[in-house]
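Analysis of the macromolecular model
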Amino acid sequence: MKVAIYGQYYQNSTEPIIKDIFIFFNKNNVELVIEAAFLELLYEKEIVKKEYTTFSSHIELDQSFDMLISIGGDGTILRAATLIRDSGIPILGINAGRLGFLATVQKENIDEFLQIVIEKKYTLSKRTLLSLSCTPTNEALQDINFAMNEISVSRKDTTSMITIDTYLNGEFLNSYWADGLIVSTPTGSTGYSLSCGGPILTPDVKSLVITPIAPHNLNARPLVIPDETEIRLKVSGREEHYLVSLDSRITSVKNESILSIKKTPFEINMVEIPEETFLKTLRTKLLWGEDKRN
């Protein structure tokens, strides 16, 4: 078995998790390939001493890998997705921070979960991604032009609202007068969109969510649309530029540019452990069924 390791380092909580992962895989003769910057940090902190093969870009992750393990939080997985791209390599998120919706494997009983991994008793949850193109061309949106959670537009250097003319498959939908607009995948429906009043979608739903950010008109509500829909946005405002974000990656775009958003032809495979399903995470994260009176 060949596994890629990618992670973020949090001194107080990550060290024992990382040590447990390396000890388990080395004991089970799993071939490990570590992201170069992460391995350098592990050497610096003296968490590992053995020499490992490294990778530093998506080009080095090929079909010989059985899995990529992401150590950190949901943000780490979103960055890992930019390395996986269309390779199809499954991602397993091991949570080293607060409870997230993507990094579902908790630090307790890691050995038990990793045993499930090497025995391949897991399932794959396919996650939709969104791609973005811009007219005129924006160089910052050329290479990594996709997002796993959401693509959003928002005001930049002003407190004034922006106007977002929105078209679905070429038909005019609405001109949102707001602080911004979020186009979310089912995976991202539990993130930024949820905090702005959007609905929760289960990962297997073939839909997208359009959620306005602090709209001036209170009747501008989140809208669920089929994921085959092509969305076109034209943003205007008092300033010359506005912000476009693809998950955590942000760039500045000129007013009146045309943004085209649609589903990518590839998906990300998330590893789902039987004991750590999306519905269980939803109950735990949102405290569903908890009676705080007791």
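See the structure printed just above.
In this text the structure is predicted, and so the values were computed from the model without any measurement. (Residues numbered from 1 in each chain as written. Predicted model: local features only at pLDDT ≥ 70, side-chain atom pairs only at ≥ 80, totals over all residues. Heavy atoms only, no water.)

What the rule picks out here adds up to 5 aromatic pairs. With 5.3 Å between their ring centres and 75° between their planes, F22 and Y52 make a pair best called edge-to-face. With a gap of 30 residues between them, F22 in helix 1 (residues 11-27) and Y52 in the loop between helix 2 (36-44) and strand 3 (53-55) connect regions that are remote in the sequence. Taking relative accessible area as the criterion, F22 reaches 4% and is therefore assigned buried. Taken together, a centroid distance of 5.4 Å and an interplanar angle of 65° make the contact between Y167 and F172 edge-to-face. For the cation-ring pair, K2 lies above F65, with the distance from its terminal atom to the ring centre recorded as 4.4 Å. Over the ring of Y167 we find R232; its NZ or CZ atom is 4.4 Å from the centre of that ring. (Phe/Tyr/Trp six-rings, centres within 6.5 Å; stacked < 30°, edge-to-face > 60°. Helix = DSSP H or I, 4+ residues; strand = E, 2+ residues; numbered from the N terminus. Buried < 20%, exposed > 50% of the residue type's maximum accessible area, 1.4 Å probe, protein only. Lys NZ or Arg CZ within 6 Å of the ring centre and 35° of its normal.)

A few words now on the pattern of salt bridges. In total, this model carries 9 salt bridges according to the counting rule given. Residue D179 pairs with R155 through a salt bridge whose shortest N-O separation is 3.2 Å. Note that D179 is positioned in the loop between strand 11 (171-178) and strand 12 (180-184) and R155 in the loop between strand 9 (150-154) and strand 10 (162-168), a separation of 24 residues in sequence. Overall, the relative accessible area of 27% leaves R155 in the partly exposed class. (Salt bridge = Lys/Arg side-chain N within 4 Å of Asp/Glu carboxyl O.)

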